Amino acid sequence: MLKNNLRRCRFEHNEISQQELANIIGVTRLTIHSIEKGKFNPSVLLALKIADFFDKKVEDIFYIDNK
Amino acid sequence: MKKKNDMKKLINISENTTLALCLISLCGLVFNIVFYVILRITIINNEDIMIVADKIEVFLAIVFIIFFIFHISAIFSIILQLKFFKRESILRSFSFFVSVISLLMIFGDFALLSDISKEYIGGIKTGIAGEFLILYLSQGLHLLFLVLVIVLTILTKRRIYKKAMEEIVIKDESIFINANYIGVLCSVSGLGLLILLSIYSPLWAIKKGIIAITLMIMLPYIAIAVYWAAVKFKEKAGEWYDEKQYQDLAKASLTTWIVSVILLAVIFAFQYWYSKATILNVIWFPLYLFFSLLIFSSSILYLSKKDMASEE
């Protein structure tokens, strides 16, 4: 199952809101919300865009949880 | 930011104009209802309606014109709200739905009055009761719309003053969600009306009015779809939705396809084995249209909303 640290990344990035992040990445707030909640798996492109914005590697934000 | 302030000013002007027209229209509606009641009593009592009609036909025409301008202004206000507020609203979607039907019913009122006068001149008084019933229901719809506009205007004004710094939205989701709320409203109304017509109306009457009724009920959805297309026209086709919306659309489309095939199979079975299923021969397409719209729009709303449990 794909999990992520998106909430923490936003917090560390001056608590940027879901809407602000959505505007920068070019998606809706609902999409960011769904990714954060683990309800929606982003495409490689979207994951790369998010990682690029936070200046991190994709695997620092997204990881597989085998539990 | 300047663009946003200009938008707020525009919304304020539009809301004030709509509210002023709404209050005038409310007086006009009371005038209309009183006139219709007097007209009906005059006809029932076999009195000359020209005595009543001649005196107030000019006022009636003015009320119709004010009503029309008010509806256009209100629809414009709702569209501005759809554009400005990033959060979708069931009340706004419902108001848009009622606004389009109410606007069409202004022309309906005119046609009904014309029918009543023709029947009066022809000496046919038996059919007038049905026309007056529709006329009164139509006034009820206008009243509902006036109340909705007042409530919506108050809420919008409060929200504009409260939320001075509304967040900017690049990728819009509110029109997408609102369009599907309107889809659900249109389809539920359409299905409800089809059931009522099937129970209470003779087949010839259904056959006569089914196309007009279907178009009238679908018009709010068509209007919001046209508005959505106009907004998206400047974007590339691939950017119309984001990837989560594409996924929701795909799931909703698949669900709609499966359910609509089952529905059509049931309709086919009825027509195949019961040769007397004549009502289905007339209403099968509107039934399919409203049913598939209901499944499609409600699936999208469910998929969009199911993981949106909380605000940030």
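Owing to the predicted nature of the structure, the values given are computational and were not obtained by experimental measurement.

Describing the overall build of chain B
- Looking only at helices and strands, one finds eight helices and zero strands in chain B.
- In sequence order, the secondary structure elements of chain B are arranged as α-α-α-α-α-α-α-α.
- Principal axes of the C-alpha set define a box for chain B whose edges measure 65 × 60 × 30 Å.
- When each of the 312 residues of chain B is scored for burial, the buried share is 30%.
- When contacts within chain B are restricted to residue pairs at least 6 apart in sequence, long-range pairs at least 24 apart make up 87% of them.

Re the nonpolar core
Residue and element names in this part refer to chain B.
- By size, the foremost hydrophobic cluster in this structure holds 45 residues, and its most contacted members are Phe 97, Val 149, Ile 182 and Cys 186.
- Where this core is concerned, the elements lending two or more residues are helix H1 (2-44), helix H2 (49-84), helix H3 (90-121), helix H4 (128-162), helix H5 (174-200), helix H6 (203-232) and helix H8 (278-305).
- No fewer than three residues from each of domain 1 (1-169) and domain 2 (173-312) sit in this core.
- Ignoring anything within four residues of it in the chain, the contact list for Phe 97 reads Ile 182, Leu 185, Cys 186 and Pro 220.

Observations concerning the domain arrangement of chain B
Residue and element names in this part refer to chain B.
- Each assigned domain of chain B is listed here: domain 1 (1-169) and domain 2 (173-312).
- Inter-centroid distance (C-alpha atoms) of domain 1 to domain 2 is 26 Å.
- Opposite the 15 residues of domain 1 that make contact, domain 2 presents 14 residues.
- Listed by contribution, the elements that provide at least two residues to the side of domain 1 that touches domain 2 are H2 and H3.

Some details on unusual backbone geometry
Residues and elements named next belong to chain A.
- The phi angle at Glu 15 is positive, at roughly 50°, despite the residue not being glycine.
- Secondary-structure assignment places Glu 15 in the loop between helix H1 (6-12) and helix H2 (18-25).
- The exposure class assigned to Glu 15 is exposed, which follows from the 9 C-beta atoms found within 10 Å.
- Positive phi, close to 60°, is recorded for Asp 55, a residue that is not glycine.
- Positionally, Asp 55 belongs in the loop between helix H4 (44-54) and helix H5 (58-61).

As for the environment of Leu 137 of chain B
All names here are of chain B.
- Inspection of the secondary structure puts Leu 137 in helix H4.
- Accessibility expressed as a C-beta count within 10 Å gives 11 for Leu 137, which makes it exposed.
- Along the chain, Leu 137 and Arg 40 lie 97 residues apart, while their C-alpha atoms are 15 Å from each other.

Some remarks on H2 of chain A
Residues and elements named next belong to chain A.
- Among all positions of H2, only Gln 18, Leu 21, Ala 22 and Ile 25 are buried. Relative to the axis of H2, the buried residues are bounded by an arc of 100° and lie together on one face.
- The inward-facing, buried residues of H2 contact H1, helix H3 (29-36) and H4.
- Immediately downstream of H2, the backbone of Gly 26 shows phi near 90°, a positive value.

Quick word on the packing of H2 of chain A against H3 of chain A
Residues and elements named next belong to chain A.
- Two elements in contact, H2 and H3, have axes whose closest approach is 8 Å; the angle formed by their N-to-C orientations is 110°. Here H2 lies roughly perpendicular to H3, going by the angle between them. In this structure, H2 meets H3 at a crossing whose hand is right-handed. Contact residues: H2 offers Gln 18, Gln 19, Leu 21 and Ala 22, while H3 offers Arg 29, Thr 31, Ile 32 and His 33.

Thresholds, definitions, all that
Residues numbered from 1 in each chain as written. Chains lettered and ligands numbered in written order. Predicted model: local features only at pLDDT ≥ 70, side-chain atom pairs only at ≥ 80, totals over all residues. Helix = DSSP H or I, 4+ residues; strand = E, 2+ residues; numbered from the N terminus. Buried ≥ 20, exposed ≤ 12 C-beta atoms within 10 Å, placed from the backbone. Contact = placed C-beta atoms within 7 Å. Core = buried A, V, L, I, M, F, W, Y, C linked by C-beta atoms within 7 Å. Domains from an automatic or database assignment. Arc of directions from axis to C-beta. Axes fitted to C-alpha atoms, helices over the stretch in contact; angles between N-to-C directions. Parallel < 35°, antiparallel > 145°, perpendicular 65-115°, else oblique. Left-handed = near helix turned anticlockwise from the far one by under 90°.

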